Amino acid sequence: MKIAHKLYFLIAVGFFGCLLIGGASLIKMAKMNENIIYITDNSIPSIRNLNQIEIHFLTLRTYVISHITYSEDARAMRSAEDKLREFEKLIDEEKAVIQSKMTEYETKYVTDSEDLALFQKIKTAMSKYQETAKNVIDISATYEAKQARSELANLQEVGKVVTTALQESIEHNNQIAAGDKKKGEENYTSARWTVMFASAGV
């Protein structure tokens, strides 16, 4: 084989080798991009959504307790009676916001069977809390504050179940985000080394 032919052959091998290595790098970079997109489009918004549910749930619990607090004076004081109606309106508003956020999570952010199972726990606990809270508010609305307070301990226990379920789901999403972040870093490191080897080969 003539020297020129050998030279052409080596150039061709080097060229195709660079294409191969470059293609592998592009695949790694594409995977890294997928990891980043998943974190920004799903993990972060889903965690934010769950945090918002938790905030509104804590606000709801505060309004329920406040309703009972004013119930004792509502029979004798017009201002306290007005406060009861105000808290009932606020409770309904918080329940509507929670329902909206939960529907958003279920339709947009549930990613796998474990995530769905954790969310079902939230739905079940939240439904039980709101049902129990309604019973307490119905009692409180009749100015029976003492009886309403006697039901409060049970309501608080149900509330803890909701909070625990929310925290479990948030932790699950945090783990997914951390896993995708690690995969993205590994793909970036692999792609960088591949490019460096390709550059050295050239």
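Predicted model, so just to flag it, every value in this text is computed and none were measured.

(A) Molecular detail of the overall build of the protein chain. A tally of helices and strands in the protein chain yields 4 helices and 0 strands. Along the protein chain, from the amino end to the carboxyl end, the secondary structure elements read α-α-α-α. For the protein chain, the residues scored as buried account for 34% of the 202 residues in total. Expressed as a percentage of contacts within the protein chain between residues at least 6 apart in sequence, the contacts between residues at least 24 apart total 81%. Summed over its atoms, the accessible surface of the protein chain is roughly 12,400 Å², and 60% of this surface lies on carbon and sulfur atoms.

(B) View of the environment of Ile 137. By secondary structure assignment, the location of Ile 137 is in helix 3 (residues 113-140). Apart from residues no more than four positions distant in its own chain, Ile 137 is found in contact with Val 64, His 67, Glu 88 and Ile 91.

(C) A look at the confidence of the model for the protein chain. Put simply, the protein chain has an average pLDDT of 78, and 63% of its residues get 70 or more. When pLDDT is averaged over each helix and strand of the protein chain, the minimum, 70, is found for helix 1 (residues 3-74) and the maximum, 94, for helix 3.

(D) Structural view of the nonpolar core. Ranked by internal contacts, the top residues of the largest apolar core, which has 31 residues, are Val 64 and Tyr 129. Mapped onto this core, the elements with two or more residues apiece are helix 1, helix 2 (78-108), helix 3 and helix 4 (145-201). The element that contributes the greatest number of residues to this core is helix 3, accounting for 9 residues. For Tyr 129, the contacting residues outside a window of four places in its chain are Phe 57, Leu 60, Arg 61, Val 64, Leu 155, Val 158, Gly 159 and Val 162.

(E) Representation of the packing of aromatic side chains in the model. Applying the stated criterion across every chain, the model contains 4 aromatic pairs. For the ring pair Tyr 63 and Phe 87, a centre distance of 6.0 Å and an interplane angle of 40 degrees mean the geometry is tilted. Of this pair, Tyr 63 sits in helix 1 while Phe 87 sits in helix 2; the two residues are 24 residues apart in sequence, bridging distant segments of the chain. Counting every residue linked through ring pairs, the aromatic cluster contains Tyr 105, Tyr 109 and Phe 119.

(F) Inspection of the side chain of Glu 94 at higher detail. Tracing the backbone through its elements, the reader meets Glu 94 in helix 2. Here Glu 94 occupies a buried position and makes no salt bridge, while the nearest side chain of opposite charge, Lys 101, is found at 11 Å. When sequence neighbours within four positions are dropped, the list of residues in contact with Glu 94 reads His 56, Thr 59, Leu 60 and Tyr 63.

(G) Seen up close, the environment of Asn 49. Note that Asn 49 resides in helix 1. By relative accessible area, which is 2% here, Asn 49 ends up buried. Put simply, Asn 49 and Glu 104 are 55 residues apart on the chain and 8.2 Å apart in space, counted from C-alpha to C-alpha. When near neighbours in sequence (up to four residues on either side) are disregarded, Asn 49 contacts Lys 101, Glu 104, Tyr 105 and Tyr 109. Reaching out from Asn 49, the side chain makes a polar contact with the side chain of Glu 104 at a distance of 3.2 Å.

(H) Region of the structure containing the pattern of salt bridges. Tallying each qualifying case throughout the model produces 7 salt bridges. Across the pair Lys 83 and Glu 86 runs a salt bridge whose closest N-O atoms are separated by 3.7 Å. With Lys 83 and Glu 86 both in helix 2, this residue pair falls 3 residues apart, about one helical turn. According to the relative accessible area criterion, Glu 86 is partly exposed, its value standing at 37%. Close ionic contact of Lys 160 with Glu 157 constitutes a salt bridge, the shortest N to O distance being 3.3 Å. Taken together, the residues span about one helical turn, with Lys 160 and Glu 157 both in helix 4 at a distance of 3 residues. For Glu 157, a relative accessible area of 44% puts it in the partly exposed group.

(I) Here's a closer look at the side chain of Ser 46. Along the chain, Ser 46 falls in helix 1. Look past the residues within four positions of Ser 46 in its chain and what remains in contact with it is Tyr 105, Tyr 109 and Asn 173.

The rules behind the values
- Residues numbered from 1 in each chain as written.
- Predicted model: local features only at pLDDT ≥ 70, side-chain atom pairs only at ≥ 80, totals over all residues.
- Heavy atoms only, no water.
- Helix = DSSP H or I, 4+ residues; strand = E, 2+ residues; numbered from the N terminus.
- Buried < 20%, exposed > 50% of the residue type's maximum accessible area, 1.4 Å probe, protein only.
- Contact = heavy atoms within 4.5 Å.
- Areas by Shrake-Rupley, 256 points an atom, 1.4 Å probe, with all protein chains shown as cover.
- pLDDT = per-residue confidence, 0-100.
- Core = buried A, V, L, I, M, F, W, Y, C linked by side-chain atoms within 4.5 Å.
- Phe/Tyr/Trp six-rings, centres within 6.5 Å; stacked < 30°, edge-to-face > 60°.
- Lys, Arg positive; Asp, Glu negative; His and termini not counted.
- Salt bridge = Lys/Arg side-chain N within 4 Å of Asp/Glu carboxyl O.
- Polar contact = N/O pair within 3.5 Å; in protein donor to acceptor, adjacent residues only side chain to side chain.

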